[in-house]
Amino acid sequence: MEIRDVKIPRELNDAMSRNAQAEKEKQARVTLASAEIAIAQQIVDAAQIYQENPVALQIRQMGLIYDMNKDRGATILVPTTMTQALGEVLALNAAAQQANAQPQRQAMPPAGSVPQA
């Protein structure tokens with residue numbers, strides 16, 4: 001016995017095609033979800049590193065800014081903590097000057113008083 005030219009009914013063929021397509025979409029979503037989980041974990045790990053080392057975060061930020069603008073040739077001004085550090089130095093200097101000036105004022109007797117021997 002020989003079987004030739006088997007024809008599947010159109011409805012069955014369409015159903016099998018839809019089933020195969022649904023299975024492909026399901027697998028694609030599972031793969032995408034797995035990738036999202038892996039990416040999220042990497043972001044958490046990076047955040048932990050940046051939290052422990054702020055300099056690493058600043059270097060990463062500078063790298064991102066460079067990558068975004070390397071082809072444009074634009075000049076970008078980036079605020080830094082240098083102004084904050086300078087402000088702290090100035091504040092410490094002012095505090096030191098004030099501390100040095102106070103003992104001198106206290107050493108001078110008030111006007112009209114008699115120094116004790």
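Model, not experiment: these values are computed from the prediction.

Conventions and cut-offs
- Residues numbered from 1 in each chain as written.
- Predicted model: local features only at pLDDT ≥ 70, side-chain atom pairs only at ≥ 80, totals over all residues.
- Heavy atoms only, no water.
- Helix = DSSP H or I, 4+ residues; strand = E, 2+ residues; numbered from the N terminus.
- Buried < 20%, exposed > 50% of the residue type's maximum accessible area, 1.4 Å probe, protein only.
- Areas by Shrake-Rupley, 256 points an atom, 1.4 Å probe, with all protein chains shown as cover.
- Patch = residues over 30% accessible without salt bridge, like charges linked within 9 Å, V, L, I, M, F, W, Y side chains within 5 Å.
- Salt bridge = Lys/Arg side-chain N within 4 Å of Asp/Glu carboxyl O.
- Contact = heavy atoms within 4.5 Å.
- pLDDT = per-residue confidence, 0-100.

A.B. asks: How do you make sense of the overall build of the protein when you look at a structure like this?
C.D. replies: Tallying secondary structure elements over the protein gives three helices and zero strands in all. When the helices and strands of the protein are listed from N to C terminus, the series reads α-α-α. The burial tally for the protein puts 1% of its 117 residues in the buried class. When the accessible surface of the protein is split by element, carbon and sulfur atoms take 59% of a total near 11300 Å².

A.B. asks: Help me understand unusual backbone geometry in this model?
C.D. replies: What is expected of a backbone is that most residues other than glycine have negative phi and most peptide bonds are trans. A positive phi is found at Asp5, a non-glycine position, where the angle reads about 45°. Looking at the secondary structure, you find Asp5 in the segment before helix H1 (10-52). For Asp5, a relative accessible area of 66% translates into the label exposed.

A.B. asks: I keep staring at a nonpolar patch on the surface and nothing clicks. Help me out?
C.D. replies: Residues Ile8, Leu12 and Met16 make up a contiguous nonpolar surface patch of roughly 280 Å² in combined accessible area. Within the element layout of this structure, Leu12 appears in helix H1. The class of Leu12 is partly exposed, set by a relative accessible area of 44%.

A.B. asks: Whenever I open this one, the side chain of Asn69 confuses me. Can you help?
C.D. replies: Residue position: Asn69 is located in helix H2 (residues 54-69). Apart from the residues lying within four places of it in its own chain, the contact partners of Asn69 are Ala74 and Ile76.

A.B. asks: In this structure, what is going on with the pattern of salt bridges? I would like to understand it.
C.D. replies: When the charged atoms of two side chains lie near each other, side chains of opposite charge can form a pair. This structure, assessed with the given rule, holds one salt bridge. Two residues, Glu2 and Arg4, come together in a salt bridge whose shortest N-O distance is 2.7 Å. Taken as a pair, Glu2 and Arg4 share a single burial class, namely exposed.

A.B. asks: How do you make sense of the confidence of the model for the protein when you look at a structure like this?
C.D. replies: Parts of the prediction with low pLDDT should not have their coordinates interpreted in detail. Per-chain confidence: the protein averages 81 in pLDDT, with 75% of residues scoring 70 or above. For the protein, per-element mean pLDDT is lowest for helix H3 (residues 82-107), which scores 67, and highest for H1, which scores 95.

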